[in-house]
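Below are the chains, spelled out letter by letter.
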Amino acid sequence: MRNISEMSVIHVEITNACHLRCANCTRHLGHHDKPFFMTLDEVEKAIDSLEGFDGIIGLMGGEPFMHPQIKEIFEIFGRKTKRRKR
């Protein structure tokens, strides 16, 4: 397994919520009774922890657009990351 510092892309998983229940989903997304949503503080800390990372940073989920605070998360993401690194 490669060290995280050797990765070219790192995703911050902001939720495991998904509107689908695909039988072939290896992560079992959409099958949770109570989905997980990162708080805005957790999102900010996760992005801050990647300071100095030279690769691409993305937002991931289940379905990130299901996060009830996705607009605020995009604002944090835009403020904390350079456009060429998103």
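Enquirer: How should I be thinking about the overall build of the chain in this particular structure?
Expert: Scanning the chain from terminus to terminus reveals two helices and two strands. Ordered by position from the N terminus, the helices and strands of the chain form the series β-α-β-α. For the chain, with 86 residues in total, the buried portion stands at 33%. Relative to all contacts within the chain whose residues are 6 or more apart in sequence, the contacts with residues 24 or more apart total 68%. With an accessible surface of roughly 6,200 Å², the chain has 54% of that area assigned to carbon and sulfur atoms. Taken as two groups, the 13 positive and 12 negative side-chain charges of the chain have centres that lie 5 Å from each other.

Enquirer: Could you clarify how one ought to interpret the environment of Ile-76 in this entry?
Expert: Secondary-structure assignment places Ile-76 in helix 2 (residues 70-80). Distance in space between the C-alpha atoms of Ile-76 and Glu-13 is 14 Å, their sequence separation being 63 residues. If sequence neighbours within four positions are ignored, Ile-76 has contacts with Leu-40, Glu-44 and Ile-47.

Enquirer: Got a minute to help me understand the pattern of salt bridges in this structure?
Expert: Opposite charge on two side chains makes pairing possible when the charged atoms of those side chains draw close. Throughout the structure, instances matching the rule amount to four salt bridges. Here Lys-80 ties to Glu-44 by a salt bridge, and the two come within 3.2 Å at their closest N and O atoms. Of this pair, Lys-80 sits in helix 2 while Glu-44 sits in helix 1 (residues 40-48), and the two are 36 residues apart along the sequence. Classification of Glu-44 by relative accessible area gives partly exposed; the value is 24%. The salt bridge partner of Lys-80 is Asp-48, with a shortest N-O separation of 3.0 Å. One end of the pair, Lys-80, is in helix 2; the other, Asp-48, is in helix 1, and 32 residues separate them in sequence.

Enquirer: Would you explain the nonpolar core in this entry?
Expert: Side chains that are nonpolar tend, in soluble globular proteins, to be buried together. Counting 15 residues, the largest nonpolar core has Val-12, Ile-14, Met-38, Val-43, Ile-47, Leu-50 and Leu-59 as its most contacted members. Those elements giving two or more residues to this core turn out to be strand 1 (9-13), helix 1, strand 2 (56-60) and helix 2. A total of four residues in this core trace back to one element, the largest contributor, which is helix 2. Every residue in contact with Val-12, bar those within four places of it in the chain, is listed here: Met-38, Ala-46, Ile-47, Leu-50, Gly-58, Leu-59 and Met-60.

Enquirer: I keep staring at helix 2 and nothing clicks. Help me out?
Expert: Within an α-helix, residues lying three or four positions from one another point in the same direction, as the helix has 3.6 residues per turn. By the burial criterion, the buried members of helix 2 are Ile-70, Ile-73, Ile-76 and Phe-77. Take helix 2 and look down its axis: the buried residues cluster within an arc of 115°, on one side only. Helix 2 presents Lys-71 and Arg-79 as exposed residues on the side facing more than 90 degrees away from its buried surface. Buried residues along helix 2 sit against helix 1 and strand 2.

The rules behind the values
- Residues numbered from 1 in each chain as written.
- Predicted model: local features only at pLDDT ≥ 70, side-chain atom pairs only at ≥ 80, totals over all residues.
- Heavy atoms only, no water.
- Helix = DSSP H or I, 4+ residues; strand = E, 2+ residues; numbered from the N terminus.
- Buried < 20%, exposed > 50% of the residue type's maximum accessible area, 1.4 Å probe, protein only.
- Contact = heavy atoms within 4.5 Å.
- Areas by Shrake-Rupley, 256 points an atom, 1.4 Å probe, with all protein chains shown as cover.
- Lys, Arg positive; Asp, Glu negative; His and termini not counted.
- Charge placed at Lys NZ, Arg CZ, Asp CG, Glu CD.
- Salt bridge = Lys/Arg side-chain N within 4 Å of Asp/Glu carboxyl O.
- Core = buried A, V, L, I, M, F, W, Y, C linked by side-chain atoms within 4.5 Å.
- Arc of directions from axis to C-beta.

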